[in-house]
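What follows is the residue order along each chain.
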Amino acid sequence: MQATVRSVEFAPGSRVIVISDIHGHPALLRRLLARVCYRAGIDYLILLGDLIEKGPDSLGVIREAMALTAESDRVTVLMGNNDLWRLEQLTEPTPERDDVLFSTTHRFARHWGSSLLLEMSRLLGLDCTVREALSTVREAVRDAFAEELNFLRSLPTVLVSQRHIFVHGGLPCTEAEIPSLEERNAFCCLKYDNFLGDLDARRTAFSRWVVVGHWPVTLYRAAIPSHAPLIDPGHHVVSIDGGCGLKREGQLNAVTFDPTSDVFTSAHVDALPLIRALDDQPASPDSINIHWGDNAVSLLENAPPRPGYHAVEHLRTGRRLYIPEGDLYTDQGELFCQDCTDYQLPVAAGETLSLVKTTPDAAIVKRGGVVGWYLGRYEMAEG
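Given the structure is predicted, the values throughout are model-derived calculations rather than measurements.

Brief notes about helix H1 (residues 26-35)
Buried within H1 are the following residues: Pro-26, Leu-28, Leu-29, Leu-32 and Leu-33. Seen along its axis, H1 keeps its buried residues to an arc of 155°; they face one direction. Facing away from the buried surface of H1 by more than 90 degrees, the exposed residues are Ala-34 and Arg-35.

Here it is, written out as structure tokens:
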């Protein structure tokens, strides 16, 4: 599919709300809209794509987005790489796309609990677990869910305003070259990994703010894990993917702003339980954020044993730390760890924290998007 570029002119005195990478979590989307006090027909709402996959209800998010756009012409939904990926598999099949559609549908269902084709086929009473039946199931789904698929097909790639540019992954060009994107495949703007790192390599910055999702922001942070939006004035980029559905401590982020201002505020929601800290705790003096893409480790066989943990060494940095049991995995004979850190979060007694994971003598917690260890006592708190 070719990229498409649309323009928007924000009304004076209005508020803009941007949300990205909902990934099949309609309940979190509704909670987040309530948290930022979204006003249909008054506020501008921009959803930056990746509505689907890696969550329990992809079809529900598509329908939620359709309802929001029907309710107000101030709502714009942009295409994400997952949205276009599945759309092409369902409506423009090839043998290779069928292989990917079948294998990933069931892998996603095992890992994340559902997948778009599985949801659609179940509503039709069809079985998509048999490879030979895929063609028949796909044709039935395409007919029964034509409205939803046409909605996905209609989503633009880039939205441009006077002071802002909105796109799911990033811009592989200068601002002056944005019109030429319509001559290119949309994936060049959607599956744009490590956008900020690439801008460093390109020595590129923008005069307008470019607001993106796609790349979980914690991947940009070397020392302290944080899923809060990253605002980079040097490049004029706001990156907002909080890892919703992808990371166990992930969250769904929103940024809001006055279109005439350079001030951004943020809010988030997640599905984690809450605890109340009973003890103070200082921050650790230094730390590491080990995450996907840089998470190869080796076991430390002679480290002092610590029940409930593995002692590992991070291969790239040589950093040694303990990680919870169950957070190691192998891939093609190499050892990796889940996202982990040795950062100790500063905590004051009485604070409310999100509980990510418990271990025999501590807990991994999150506050304001920042993830770290809490070694003190706590009690469960109400949401």
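From this point, things continue past the structure.
Examining the pairing of strand E15 (residues 309-314)
Here E15 lies mainly inside the structure; five of its six residues are buried. Across three bridges, strand E14 (residues 297-299) lies against E15 in antiparallel orientation. For Val-297, the partnering residue across the bridge sits in E15 and is His-314. Note that E15 and strand E16 (residues 320-324) share five bridges and pair antiparallel. Looking across to E16, one finds that Val-312 is bridged to Leu-321. Count of turn residues in the E15/E16 antiparallel hairpin: five residues, of which Gly-318 carries a positive phi of about 80°.

Notes on the sheet that holds strand E7 (residues 209-212)
One open sheet holds the six strands; their spatial order is E1-E5-E6-E7-E9-E8, and the pairing between them is mixed. Pairing within the sheet leaves two strands with one partner each, and these edge strands are strand E1 (5-7) and strand E8 (230-232). For this sheet the average axis-to-axis angle between neighbouring strands, irrespective of direction, equals 15°. Pairing analysis gives three bridges linking strand E6 (residues 164-167) to E7, with the strands arranged parallel.

So, the packing of H1 against helix H2 (residues 58-71)
Two elements in contact, H1 and H2, have axes separated by 8 Å at closest approach and are oriented at 35°. Residues Pro-26, Leu-29, Arg-30 and Leu-33 of H1 form the contact with H2, whose participating residues are Gly-60, Val-61, Glu-64 and Leu-68.

Side note on the pairing of strand E12 (residues 274-277)
Here E12 shows a buried face lined by Ile-275 and Ala-277 and an unburied face lined by Leu-274 and Arg-276. Note that E12 and strand E20 (residues 352-359) share three bridges and pair antiparallel. Across the sheet, the residue bridging to Leu-274 is Ser-354, located in E20. Bridging between E12 and strand E23 (residues 378-381) involves four bridges; their strand directions are antiparallel. Note on E23: the bridge partner recorded for Leu-274 is Ala-381.

Focus: the pattern of salt bridges
What the rule picks out here adds up to 26 salt bridges. When the shortest N-O distance is used, the salt bridge between Glu-53 and Arg-86 registers 2.7 Å. Here the residue Glu-53 occupies a position in the loop between strand E3 (44-47) and H2, and Arg-86 occupies one in helix H3 (residues 81-91), the gap between them amounting to 33 residues. Close ionic contact of Asp-98 with Arg-138 constitutes a salt bridge, the shortest N to O distance being 2.6 Å. Pair noted here: Asp-98 is in helix H4 (residues 95-112) and Arg-138 is in helix H6 (residues 134-144), with a separation of 40 residues, a long-range link. Taking the relative accessible area as the measure of exposure, Asp-98 reaches 10% and is therefore buried. Connected via shared salt-bridge partners are Arg-15, Arg-39 and Asp-43.

Re the packing of aromatic side chains
In total, this model carries 12 aromatic pairs according to the counting rule given. Where Tyr-309 meets Trp-373, the ring centres are 6.0 Å apart and the plane angle is 45°; that geometry is what we call tilted. In this pair, Tyr-309 sits in strand E15 while Trp-373 sits in strand E22 (residues 370-374), placing the two residues 64 residues apart along the sequence. Taken together, the ring pairs in this structure connect Phe-10, Tyr-44, Phe-166, Trp-209, Phe-257 and Phe-264 into an aromatic cluster. Directly above the aromatic system of Tyr-309 lies the positively charged group of Arg-306, at a separation of 3.9 Å from the ring centroid. Across the ring face of Tyr-322, the terminal group of Arg-306 is positioned such that the distance to the ring centre comes to 5.5 Å.

Re the state of the cysteines
Within the structure shown, the criterion is met by zero disulfides. Counting only cysteine sulfurs, Cys-188 is the nearest neighbor of Cys-189, a cysteine outside any disulfide, at a range of 3.8 Å. We classify Cys-189 as buried; its relative accessible area is 0%. With no disulfide of its own, Cys-244 lies 20 Å from the sulfur of Cys-37, the closest cysteine sulfur.

Focus on the side chain of Asn-81
In this structure, Asn-81 sits in helix H3. Judged by its relative accessible area of 8%, Asn-81 is buried. A distance of 2.9 Å separates a polar atom in the side chain of Asn-81 from a polar atom in the side chain of His-168.

What to know about unusual backbone geometry
In this structure, Lys-54 takes a positive phi of about 70° despite not being glycine. For Lys-54, the location among the structural elements is in the loop between E3 and H2. Assessed through its relative accessible area of 16%, Lys-54 is described here as buried.

Analysis parameters
Residues numbered from 1 in each chain as written. Predicted model: local features only at pLDDT ≥ 70, side-chain atom pairs only at ≥ 80, totals over all residues. Heavy atoms only, no water. Buried < 20%, exposed > 50% of the residue type's maximum accessible area, 1.4 Å probe, protein only. Helix = DSSP H or I, 4+ residues; strand = E, 2+ residues; numbered from the N terminus. Arc of directions from axis to C-beta. Pairing = 2+ DSSP bridges. Axes fitted to C-alpha atoms, helices over the stretch in contact; angles between N-to-C directions. Contact = heavy atoms within 4.5 Å. Salt bridge = Lys/Arg side-chain N within 4 Å of Asp/Glu carboxyl O. Phe/Tyr/Trp six-rings, centres within 6.5 Å; stacked < 30°, edge-to-face > 60°. Lys NZ or Arg CZ within 6 Å of the ring centre and 35° of its normal. Disulfide = S-S within 2.5 Å. Polar contact = N/O pair within 3.5 Å; in protein donor to acceptor, adjacent residues only side chain to side chain.

These results come straight from atomic positions and should not be treated as a statement about function.
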